[in-house]
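Chain by chain, the residues run as shown.
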There are 2 protein chains.
Amino acid sequence: MIERVAVIGLGLLGGSVGLAVRADAPEIVTTGYDADEATRARATERGLVGTVHNDIAEAVRDADLVLLCVPVGAMKSVAAKIDPHLRGDAIVSDVGSSKQSVLRDLTEALPGRTIIPAHPVAGTEQSGADAGFAELFHGRWCIVTPPEGAAPEALAALRIFWQRLGATVEIMDAEHHDLVLAVTSHIPHLIAYTIVGTASDMEEVTRSEVIKYSAGGFRDFTRIAASDPTMWRDVFLHNRDAVLEMLGRFTEDLTAMQRAIRSGDGETLHNMFSRTRAIRRQVIEQGQDDAAPDFGRKH
Amino acid sequence: MIERVAVIGLGLLGGSVGLAVRADAPEIVTTGYDADEATRARATERGLVGTVHNDIAEAVRDADLVLLCVPVGAMKSVAAKIDPHLRGDAIVSDVGSSKQSVLRDLTEALPGRTIIPAHPVAGTEQSGADAGFAELFHGRWCIVTPPEGAAPEALAALRIFWQRLGATVEIMDAEHHDLVLAVTSHIPHLIAYTIVGTASDMEEVTRSEVIKYSAGGFRDFTRIAASDPTMWRDVFLHNRDAVLEMLGRFTEDLTAMQRAIRSGDGETLHNMFSRTRAIRRQVIEQGQDDAAPDFGRKH
Ligand SMILES: NC(=O)c1ccc[n+]([C@@H]2O[C@H](COP(=O)([O-])OP(=O)(O)OC[C@H]3O[C@@H](n4cnc5c(N)ncnc54)[C@H](OP(=O)(O)O)[C@@H]3O)[C@@H](O)[C@H]2O)c1
Ligand SMILES: NC(=O)c1ccc[n+]([C@@H]2O[C@H](COP(=O)([O-])OP(=O)(O)OC[C@H]3O[C@@H](n4cnc5c(N)ncnc54)[C@H](OP(=O)(O)O)[C@@H]3O)[C@@H](O)[C@H]2O)c1
């Protein structure tokens, strides 16, 4: 059973874990650390964890679960820093959005340690110490990607931890995780960043026009493209192969659409546009989105 | 002053116009017609307009404003049908998402009539007689694209009409409209339809995985890709040139992203991802979206 959790990185994910533990598993003691002094100060004010330490060694010393909630590019250096200070029986896990790279980095930096990477598929476009909230994981999935031969008790303890925060745990190998998330998360973000960039570079259409008329669809892309640049840079650098593979398929499909438009092939377009409605229905049925039209935005 | 409005097509847009008139301009008399009998029945039940007619001629006979709220591919045939039955002083307008094609089609089908195309930039992913609601146009823009030499009184009357429904009117030429909307609406929809299609065609990743883990970004694309297939087929066929032009630019920018990922160029990625946040801020400041994280979805 997990009794003391150390949260490293007190942004959206780390802060939400801390607040969720307080709300849903209040007997668990939480400590935390963030590289940024201002973030530590704000985390203390908001009470994101029980104790915010100025020294990473202090933060992890007594923990039986250490959760790395930093960008995936920072996992290795953070792991190296905590290694000398960990309890012998500590489980090291994380919330990073790519899993093969994290598994490799933690295995290298933490030889002999119990490492069980994980990824709660939950987030918003906001980041930093003010972004976290206790309900982030309610009704969401947490994908756990244990290395071969991972200790079953450690895996069981981690599963119970995430379940208590409201998530449903799924076990997957890291490679498959990276492929699935490339298509359900990484490519959508890349596309959104790109189209928002394309729109803001146009000469014939002013920036103010793009913003004014964004309610036609563009505004949804601006939301996704407002996500944290450091986090996303790291995701693309660390899940490169799966992202490039999926991007290749997307581009092929887009070319087929382009061809249908150019040749005036309405039937092909209508067929393609009809297939996608069923997926939306299932997303809503499975509780992964609101059914309210337009996300129930105010009008 | 507009006193009697005929709404042709009683789906999301037509139904919303009818309900908005009743809420915001209740002294205006509304009539309506839809090609589909079930839609007419439901429109009568919901009271989308004052009188739903089974005969399009009856619906338009007394109207001083006729608003075509049908897919842009149906504009020409509907216009030809109403022409013999219009009052001499009637203004014919529409809500179609492309404007050059509508202007051309209405001019051909309605020789000598007062034609002032328009496009309220407001919508949701839902369609049909149940989708409309009175507040759809509140705080949104309505782009009016009058042909050269349009009667100023007619233009003024149409402007006041849309203002009363809560929209702000902007005048633009049809060509510029089509370019602006290609980037803020048509390309985002095309991309969303494509990625949802790509995801559902994968062999290595099951459909159920795609749905389960959609909260990582994909679900927003499924919403947009749930929009009406007929409406969108028509948009792409009728705004072909602007869509292909913008698609070309998007593809170039996506290729640059791809290259940066392939070569591990984190700086380029970080720069691109940083530029796009400012646009999000402006979209929110200008009231075109909610500031609530994750659209304030329930967790
Ligand atoms: N956002 C999402 O939607 C989402 C969803 C699922 C998983 N994730 C994953 O969750 C992790 C954290 O993302 P987030 O959204 O919580 O980002 P965030 O809000 O920016 O939080 C990350 C925090 O980690 C701190 N940090 C960075 N490097 C550090 C280091 N070397 N040592 C200690 N602290 C460090 C950052 O401090 P500074 O302010 O100094 O940078 C920041 O406070 C990432 O791996 C991401 O892939 C994110
Ligand atoms: N949806 C948006 O977000 C949005 C936003 C701005 C503008 N627009 C534009 O608004 C217009 C209507 O779109 P919508 O979203 O309201 O679609 P919708 O909900 O599908 O409504 C269109 C209605 O027009 C009817 N119709 C089709 N052909 C007709 C004909 N020849 N004669 C009479 N009625 C006919 C349809 O009947 P059936 O049921 O028989 O097809 C349907 O009831 C389109 O031009 C679209 O480009 C849409």
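Conventions used here
- Residues numbered from 1 in each chain as written.
- Chains lettered and ligands numbered in written order.
- Predicted model: local features only at pLDDT ≥ 70, side-chain atom pairs only at ≥ 80, totals over all residues.
- Heavy atoms only, no water.
- Axes fitted to C-alpha atoms, helices over the stretch in contact; angles between N-to-C directions.
- Helix = DSSP H or I, 4+ residues; strand = E, 2+ residues; numbered from the N terminus.
- Parallel < 35°, antiparallel > 145°, perpendicular 65-115°, else oblique.
- Contact = heavy atoms within 4.5 Å.
- Nonpolar A, V, L, I, M, F, W, Y, C, P; charged D, E, K, R; others polar.
- Near = heavy atom within 4 Å.
- Polar contact = N/O pair within 3.5 Å; in protein donor to acceptor, adjacent residues only side chain to side chain.
- Areas by Shrake-Rupley, 256 points an atom, 1.4 Å probe, with all protein chains shown as cover.
- Pairing = 2+ DSSP bridges.
- Least-squares fit on C-alpha atoms with pLDDT ≥ 70 in both.
- Left-handed = near helix turned anticlockwise from the far one by under 90°.
- Buried area = accessible area lost by both parts, 1.4 Å probe.
- Salt bridge = Lys/Arg side-chain N within 4 Å of Asp/Glu carboxyl O.

### Observations concerning the packing of helix α11 (residues 240-262) of chain B against helix α12 (residues 266-285) of chain B
Residues and elements named next belong to chain B.
Item 1. Contact geometry for α11 and α12: axes closest at 8 Å, N-to-C directions at 140°. By the angle between their axes, α11 is oblique relative to α12. In this structure, α11 contributes Ala 256, Met 257, Ala 260 and Ile 261 to the contact, and α12 contributes Thr 268, Leu 269, Met 272 and Phe 273.
Item 2. Of the residues in the contact of α11 with α12, the class split is seven nonpolar, one polar and no charged.

### Quick notes on the site of ligand 1
Residues and elements named next belong to chain A.
Item 1. Contacts to ligand 1 come from 28 residues, most closely from Leu 13, Asp 34, Val 70, Ser 97 and Gly 128.
Item 2. With respect to ligand 1, the backbone of Val 70 contributes an N or O atom lying 2.6 Å from an oxygen atom.
Item 3. A total of 890 Å² of accessible area belongs to ligand 1 in isolation, and the protein chains cover 82% of it.
Item 4. Sorting the residues of the shell around ligand 1 by element identifies α1 (12-24), α4 (75-82) and β7 (118-121) as the ones contributing at least two each.
Item 5. Classifying every residue of the shell around ligand 1 by side-chain character gives 15 nonpolar, ten polar and three charged.

### Concerning the sheet that holds strand β3 (residues 51-52) of chain A
All names here are of chain A.
Item 1. Judged by pairing direction, the sheet is parallel, and its six strands sit side by side in the order β3-β2-β1-β4-β5-β6 without closing on themselves. Single-partner strands in this sheet number two, and they are β3 and β6 (114-115).
Item 2. Sheet contacts for helix α6 (residues 152-164): β1 (4-8), β4 (65-68), β5 (91-94) and β6; angle to β4, the most-contacted strand, approximately 65°.

### Brief notes about the relation of the copies chain A and chain B
One copy of the chain maps onto the second through a rotation about an axis and a displacement along it.
Item 1. Superposing chain A onto chain B requires a rotation of 180° together with a translation of 0.0 Å along the rotation axis, leaving an RMSD of 0.0 Å. The two molecules are tied by a two-fold rotation axis, judged by turn and shift.
Item 2. Take the interface residues of chain A: 100% of them recur as interface residues in chain B, which is what a same-surface contact looks like.

### Brief notes about the packing of helix α11 (residues 240-262) of chain A against helix α7 (residues 174-200) of chain B
Item 1. It is the contact of α11(A) with α7(B), at a shortest axis distance of 9 Å, that shows an interaxial angle of 130°. Judged by the inter-axis angle, α11(A) sits oblique to α7(B). Note that α11(A) runs across α7(B); the crossing there is right-handed. Residues A:Arg249, A:Phe250, A:Asp253, A:Leu254, A:Met257 and A:Ile261 of α11(A) form the contact with α7(B), whose participating residues are B:Leu190, B:Ile191, B:Tyr193, B:Thr194, B:Ile195 and B:Thr198.
Item 2. Looking at the contact of α11(A) with α7(B) residue by residue, the classes come out as eight nonpolar, two polar and two charged.

### Regarding the interface of chain A and chain B
Item 1. Of the residues lining the interface, 105 residues belong to chain A; the matching set on chain B comes to 105 residues.
Item 2. Approximately 10,500 Å² of surface area, both sides summed, lies buried where chain A meets chain B, with 65% of it carried by carbon and sulfur atoms.
Item 3. Summed over the three residues of chain A that lose the most area to chain B, namely A:Tyr213, A:Phe273 and A:His299, the buried surface amounts to 8% of that side.
Item 4. Linking chain A with chain B are 14 salt bridges.
Item 5. For A:Asp201, the salt bridge is made with B:Arg275, and the minimal N-O distance between the two is 3.0 Å.
Item 6. In this assembly, chain A and chain B are joined by 39 residue pairs in polar contact (both at pLDDT 80 or more).
Item 7. When contributions to the side of chain A that touches chain B are tallied by element, the ones reaching two or more residues are β8 (141-144), α7 (174-200), α8 (207-212), α9 (218-224), α10 (229-238), α11 and α12 (266-285) of chain A.

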